[in-house]
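A structural walkthrough
The primary structure of each chain is shown beneath.
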Amino acid sequence: MSTILIIDDERAIRSSLRDILEYEDYTILDVDNGRDGLEILKKEKVNLVLCDIKMNNMDGMEVLSEAHQSSPDIPFIMISGHGTIETAVEAAKKGAFDFLEKPLDLNRLLITVRNALDKSSLVTETKVLKRKVSSSKTKDILGESGAIKRIKETIDRVAPTEARVLITGANGSGKELVARWLHEKSNRSQAPLIEVNCAAIPSELIESELFGHEKGSFTSAIKQRIGKFEQASGGTLFLDEIGDMSLSAQAKVLRALQEHKITRVGGDKEIDVNVRVVAATNKDLLKEIEDGNFRMDLYHRLSVILIHVPALIDRVDDIPLLSTNFCEEICMEYGIPVKEITNAAMRELSHLPWTGNIRELRNMIERLIILSDKSITDKDVVAFANPSREPVNGIAQEKGTVNYGLDMDSFDSFQDYKDHAEKEFIKYKLEKNNWNVSKTADDLDIQRSHLYSKIEKFGLKRD
Ligand SMILES: Nc1ncnc2c1ncn2[C@@H]1O[C@H](COP(=O)(O)OP(=O)(O)OP(=O)(O)O)[C@@H](O)[C@H]1O
């Protein structure tokens, strides 16, 4: 049942409203002043507020304005003993649902309460539906930098063809988003886009995952299973983290691409498949080929078109646009008014290393929205944006500078520096989570297998 908060400094009114509404099975909270009312709104789940206009200290209009900043969806019914058209109009302008005059008419009160609650649940339902629709819709590729413009042009040109595409780029830089748009703008967009994260599937299961299996083909194969190649029939198969695929699975994928046929594990029938393959990796595949970890012939099959998504640090000019958009999107998801990001905060954001790229930027904006007050300032960015950025060697960080206490000349290349920053960040998070790899992977918003490969790459060990 709904909870109604009554804010009125007249005890008699509060108690008669309570009696009437409790009789109708509503849960009632009541306070005799606006401040306490606002405190309750912060802590309790309230569905409707009945608020007197004329009260000492803080009047009802102020309560309404302040409450609407943090909880715009809670309907307010204003009550006044001195009802004039002007007060009613002012209340409506400030966003009140309705206005009731004292002495209260019982029927009008109950109908207004019911209408307000009905409208509020409709608003909530609509928001949930909108959120569902917007999260299933492919997000726009934001960015005005030359690199992003070129990527969008390439997508427009390549998507309607059958050419295979290999997308490269660091973690969180937007490879999956590019793959989604390649599908979305292709002639296959009515058929499914099926994604396989090759790094997340143990090598002994990848073949069954991709090609399916027949019942009884191995111990746990208790029934027949259709693999991803078949599921993607008529559509697009997105092989993410292809650089982590075992050599034996690579050989089978190569055959599927050459012959457009697959065989389920444990089966002997060849099945025709009609899929377009788009692959992505954060690895340097040419180096993997050199090291004997990746097949050259498969590389050539996959990379008819190459799209490289640059790291965020190589397109810092896009940070303000991305930050503003993420801020709007997240505030809307939370149902709160959009917070402003000050210019100084934008400058501060542009100075961060962004080893986790756009995914990290989005997470940070979300954190800043939660932790900041009315707007996001440079001080918020310094304080909350990257809690792992503690002063190094006792050197406190000055405003507007990024001071890691590092000798910048000790790095041979930009990549060297980025690797160092990534290693330190991962090490910090692992230690913070007591080397719990699953928790740390969640914290970093990357796959667990990904984290394992980073630990191995950087030779990280528990002290
Ligand atoms: N140009 C962009 N504009 C808006 N949002 C973006 C952009 N690029 C990436 N994102 C968002 O950033 C997040 C990470 O992007 P995505 O998953 O595509 O990265 P990825 O390179 O595939 O990461 P990983 O290598 O870890 O799989 C997603 O929420 C995505 O919607």
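Just so it is clear, the model here is predicted, and its values are computed rather than measured.

Each value, and the rule that gives it
Residues numbered from 1 in each chain as written. Predicted model: local features only at pLDDT ≥ 70, side-chain atom pairs only at ≥ 80, totals over all residues. Heavy atoms only, no water. UniProt positions renumbered as here; feature names shortened; annotations may be inferred. Helix = DSSP H or I, 4+ residues; strand = E, 2+ residues; numbered from the N terminus. 1 Å grid on protein atoms, 1.4 Å probe; cavity = no way out; pocket = protein on both sides within 12 Å on 5 of 7 lines; lining within 4 Å. Points joined across faces, edges and corners; volume = space filled by probe spheres on them. Nonpolar A, V, L, I, M, F, W, Y, C, P; charged D, E, K, R; others polar. Patch = residues over 30% accessible without salt bridge, like charges linked within 9 Å, V, L, I, M, F, W, Y side chains within 5 Å. Areas by Shrake-Rupley, 256 points an atom, 1.4 Å probe, with all protein chains shown as cover. Salt bridge = Lys/Arg side-chain N within 4 Å of Asp/Glu carboxyl O. Pairing = 2+ DSSP bridges. Axes fitted to C-alpha atoms, helices over the stretch in contact; angles between N-to-C directions. Contact = heavy atoms within 4.5 Å. Phe/Tyr/Trp six-rings, centres within 6.5 Å; stacked < 30°, edge-to-face > 60°. Buried < 20%, exposed > 50% of the residue type's maximum accessible area, 1.4 Å probe, protein only. Domains from an automatic or database assignment. Polar contact = N/O pair within 3.5 Å; in protein donor to acceptor, adjacent residues only side chain to side chain. Parallel < 35°, antiparallel > 145°, perpendicular 65-115°, else oblique. Left-handed = near helix turned anticlockwise from the far one by under 90°.

**Details of the UniProt feature "domain: Sigma-54 factor interaction" (unreviewed entry) in the protein chain**
UniProt's entry tags residues 141-370 with the feature "domain: Sigma-54 factor interaction" (unreviewed entry), counted in the numbering of this structure. End-to-end, the C-alpha atoms of residues 141-370 are 25 Å apart, and along that stretch the chain is 43% helix and 17% strand.

**Quick notes on the layout of surface pockets**
Once rolled over the atoms, a probe with the size of a water molecule shows which space is left empty. Estimates place the volume of the largest pocket at around 1,700 Å³. Sorting the residues of the lining of the largest pocket by element identifies α5 (106-136), α6 (146-158), α7 (175-184), β7 (193-197), α13 (319-334) and α15 (357-371) as the ones contributing at least two each. Of the residues assigned to the lining of the largest pocket, the class counts are 15 nonpolar, 15 polar and 20 charged. By volume, the second largest pocket amounts to about 960 Å³. Lining the second largest pocket are 37 residues, with Asn282, Lys283, Asp284, Gln415 and Lys457 positioned closest to its centre. For the lining of the second largest pocket, the secondary structure elements donating two or more residues are β6 (165-169), α11 (285-290), β14 (305-309), α17 (414-432) and α19 (448-457). Of the residues forming the lining of the second largest pocket, the biggest block, five residues, is contributed by α19. Partitioned by chemical class, the residues of the lining of the second largest pocket number 13 nonpolar, ten polar and 14 charged.

**What to know about a nonpolar patch on the surface**
Residues Tyr334, Ile370 and Leu371 make up a contiguous nonpolar surface patch of roughly 290 Å² in combined accessible area. Following the sequence through the fold, Ile370 ends up in helix α15.

**Some remarks on the sheet that holds strand β5 (residues 98-101)**
An order of β2-β1-β3-β4-β5 is seen for the five strands of this open sheet, with the pairing classed as parallel. Each of the sheet's edge strands pairs with one partner strand only, and the pair in question is β2 (27-31) and β5. Direction aside, neighbouring strands of the sheet carry axes that sit 20 degrees apart on average. Alignment of strand β1 (residues 3-7) against β2, held across five bridges, turns out to be parallel. If you follow Leu5 over to β2, its bridge partner there is Leu29. Against the sheet, helix α1 (residues 11-23) contacts β1, β2, β3 (48-52) and β4 (76-80), and its axis sits at roughly 170 degrees relative to β2.

**A few points about the packing of aromatic side chains**
One pass over the structure, following the stated rule, counts one aromatic pair. Ring centres of Phe211 and Phe229 lie 5.3 Å apart, and the angle between their planes is 20 degrees; on these two criteria the pair is classed as stacked. Of this pair, Phe211 sits in helix α8 (residues 203-211) while Phe229 sits in helix α9 (residues 228-231), and the two are 18 residues apart along the sequence. Residue classification places Phe211 among the buried positions, given a relative accessible area of 3%.

**Examining empty space enclosed by the protein**
Tallying each qualifying case throughout the model produces one cavity of 30 Å³ or more. If you add up the space inside the largest cavity, you get close to 50 Å³. Along the lines of polarity and charge, the residues of the lining of the largest cavity split into five nonpolar, two polar and one charged.

**A word on the domain arrangement of the protein chain**
With domains assigned, the protein chain is organised as domain 1 (3-135), domain 2 (146-310), domain 3 (312-405) and domain 4 (407-463). Taken residue by residue, the interface counts seven residues in domain 1 and five residues in domain 3. Where domain 1 touches domain 3, the interface holds zero salt bridges. At the boundary of domain 1 and domain 3, one finds zero residue pairs in polar contact (both at pLDDT 80 or more). When residues of the side of domain 1 that touches domain 3 are traced back to their parent elements, those giving at least two are α3 (60-70) and α5. Tallying contributions element by element places α3 first for the side of domain 1 that touches domain 3, with three residues.

**Description of the packing of α13 against α15**
In contact at an axis separation of 9 Å, α13 and α15 are set at 55 degrees when each is read in the N-to-C sense. With respect to α15, the axis of α13 lies oblique. Regarding α13 and α15, the two cross each other, and that crossing is right-handed. Touching Ile319, Leu322, Ser323, Phe326, Cys327, Glu329, Ile330, Cys331, Glu333 and Tyr334 of α13 are Ile358, Leu361, Arg362, Ile365, Glu366, Ile369 and Ile370, all from α15. A class-by-class count of the residues in the contact of α13 with α15 yields twelve nonpolar, one polar and four charged.

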